[in-house]
Each structure stands twice: as structure tokens, then as C-alpha cells.
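Single-letter residue listing:
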Amino acid sequence: MTETPNPNIVDADTLTGEMRPIRRVVIALGSNLGERFATLQGALGVLADTPEVWVTGVSPVYESAPVDCPPDTQDFLNAVVLADTTLSAHRLLDRALAIEDAFDRERSEVKNAPRTLDVDLIAVGDRRSDTDVLRLPHPRAHERAFVLKPWLDLEPDAELLDHGPVAELLDKVGTDGLKLRDDLVLEFE
């Protein structure tokens, strides 16, 4: 893993005085089982309540056809969250997994099985990781319209580390199977 945080953007731990960089993170939320919208809203609330995580933006909600999922998989609701954090990428991943568990995410041997909640770290600042536990940037984000389009809605000039401008990536993959759900609006404070 490499890291080159902006040395001019730091947060001082008030107890220890330790200086920690503030990183911008991109997090994708998805759900295709149960009360999908309520699950996304709940996950966003828990994420926003996480110490050292400051949610700065939430995309519109999209409904997407399943990609690389078992037959008869229901459509997903998806959104992207932008946040600033002083948490390490591994601590943020631990939090993402705990949020999934809190919303009864069941892990399966079946690849891309239906799930109540998926919380994926797409990018954590300019961190790179290629371990069994953590891959950054997310290895398939550049191929997923349900990540790229909501992210582009929030940041028209967004770039995915090692892949380029999100607008160009979205042009390559297209938006087939993706529908804006303007009747569903995620809220955070």
C-alpha cells in the first residue's frame, strides 16, 4: 500500500496530539434484498454517525440490473457516498463490514449472491492496496455504471485512481440497466 496524503490537510487527535491526514473517500452502497431503501438509509445513518467520518455528499438513488449475479437475482438499489475521514483504510473497511453485519448481510460461497447490504470502499484518498483483505481502488469500480453514474452526479470532475476520469469510464460502460429513482432520496445530517 502506498500513501501520499496532502501534508497541508491534517487533523490533530485531541488526546494524543497525533497528526493524521484527512482523506476523501468514495463508498458505494447497494441492496437487493428486503427493504432496500430503508437499508440504504440506515447504512448511511450509521456511516454518518461513525467517529472520524464526515459525510459530505450522497448521490441520487439508482436501480440497477444485477451484474454477474446468479439467475433470478432481484434488481439493486445503489448510491454513492462521499466523505472525509482520518480513519485508516483498514479501519474504514472494518467499519464497512460491521455496517453490513448490522443489516444482516449473509456471506455466501456463491459469487455475487443477493444481499441485504453491500458497503464497498471505492477509493480512500490516493491509497493503493492489493491484498486478500483490501483492494484499493475497488478492482471493478471502473466497470460498474451503478458506481460511476452516482459518483459522477456528485463530482462531475471525479477521477478513479489508476483508471482516469469517471465521465470517460462511464462513457465506455454505458448506462444500460440503470434507472434513476428520483422518488427515493437519501438524507444525512
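Shown above is the structure to which this text applies.
If you're wondering where the values come from, they're calculated on a predicted model, not measured in any experiment. (Residues numbered from 1 in each chain as written. Predicted model: local features only at pLDDT ≥ 70, side-chain atom pairs only at ≥ 80, totals over all residues. Heavy atoms only, no water.)

### Considerations on helix α1 (residues 36-48)
In step 1: Between the first and last C-alpha of α1 there are 18 Å, a value that for 13 residues agrees with the 18 Å anticipated at 1.5 Å per step.
In step 2: Among the residues of α1, Arg36, Thr39, Leu40, Ala43, Leu44 and Leu47 are the ones counted as buried. An end-on view of α1 places all buried positions within 135° of arc, on one side of the element.
In step 3: Looking at the packing, one finds that the buried side of α1 touches β3 (23-31), β4 (53-58), β5 (62-64), β6 (76-85) and α2 (89-102). (Helix = DSSP H or I, 4+ residues; strand = E, 2+ residues; numbered from the N terminus. Expected span 1.5 Å × (residues − 1). Buried < 20%, exposed > 50% of the residue type's maximum accessible area, 1.4 Å probe, protein only. Arc of directions from axis to C-beta. Contact = heavy atoms within 4.5 Å.)

### Here we look at the pattern of salt bridges
In step 1: Evaluated as defined, the whole model comprises 13 salt bridges.
In step 2: Across the pair Glu63 and Arg36 runs a salt bridge, and its minimum N-O distance is 3.0 Å. Note that Glu63 is positioned in strand β5 and Arg36 in helix α1, a separation of 27 residues in sequence.
In step 3: With relative accessibility at 18%, the residue Arg36 sits in the buried group.
In step 4: By sharing partners, the salt bridges in this structure join Glu100, Asp101, Arg105, Arg107, Arg115 and Asp118 into a single network. (Salt bridge = Lys/Arg side-chain N within 4 Å of Asp/Glu carboxyl O.)

### Concerning the nonpolar core
In step 1: If you look at the biggest cluster of nonpolar residues, it comprises 29 residues, and the most contacted ones within it are Ile27 and Leu121.
In step 2: Elements that contribute at least two residues to this core include exactly β3, α1, β4, β6, α2 and β7 (118-124).
In step 3: No other element matches α2, which puts five residues into this core.
In step 4: With residues near it in sequence (within four places) discarded, Leu121 still touches Val26, Ile27, Ala89, Leu92, Leu93, Leu134, Leu136 and His138.
In step 5: In terms of nonpolar packing, the next biggest core, distinct from the first, is built from 19 residues, Val26, Ala123, Leu160 and Val166 among them. (Core = buried A, V, L, I, M, F, W, Y, C linked by side-chain atoms within 4.5 Å.)

### Thoughts on the side chain of Thr86
In step 1: Tracing the chain through its elements places Thr86 in the loop between β6 and α2.
In step 2: Here the side chain of Thr86 touches Glu52 through a polar contact of 2.5 Å, side chain to side chain. (Polar contact = N/O pair within 3.5 Å; in protein donor to acceptor, adjacent residues only side chain to side chain.)

### Some thoughts on the pairing of β6
In step 1: Within β6, nine of the 10 residues are buried, which leaves the element mostly enclosed by the surrounding structure.
In step 2: Here β3 runs beside β6; their pairing, made up of nine bridges, is antiparallel. Looking at β6, one finds that Ser31 is bridged to Leu77.
In step 3: Sheet analysis places β4 next to β6, joined by five bridges and oriented antiparallel. (Pairing = 2+ DSSP bridges.)

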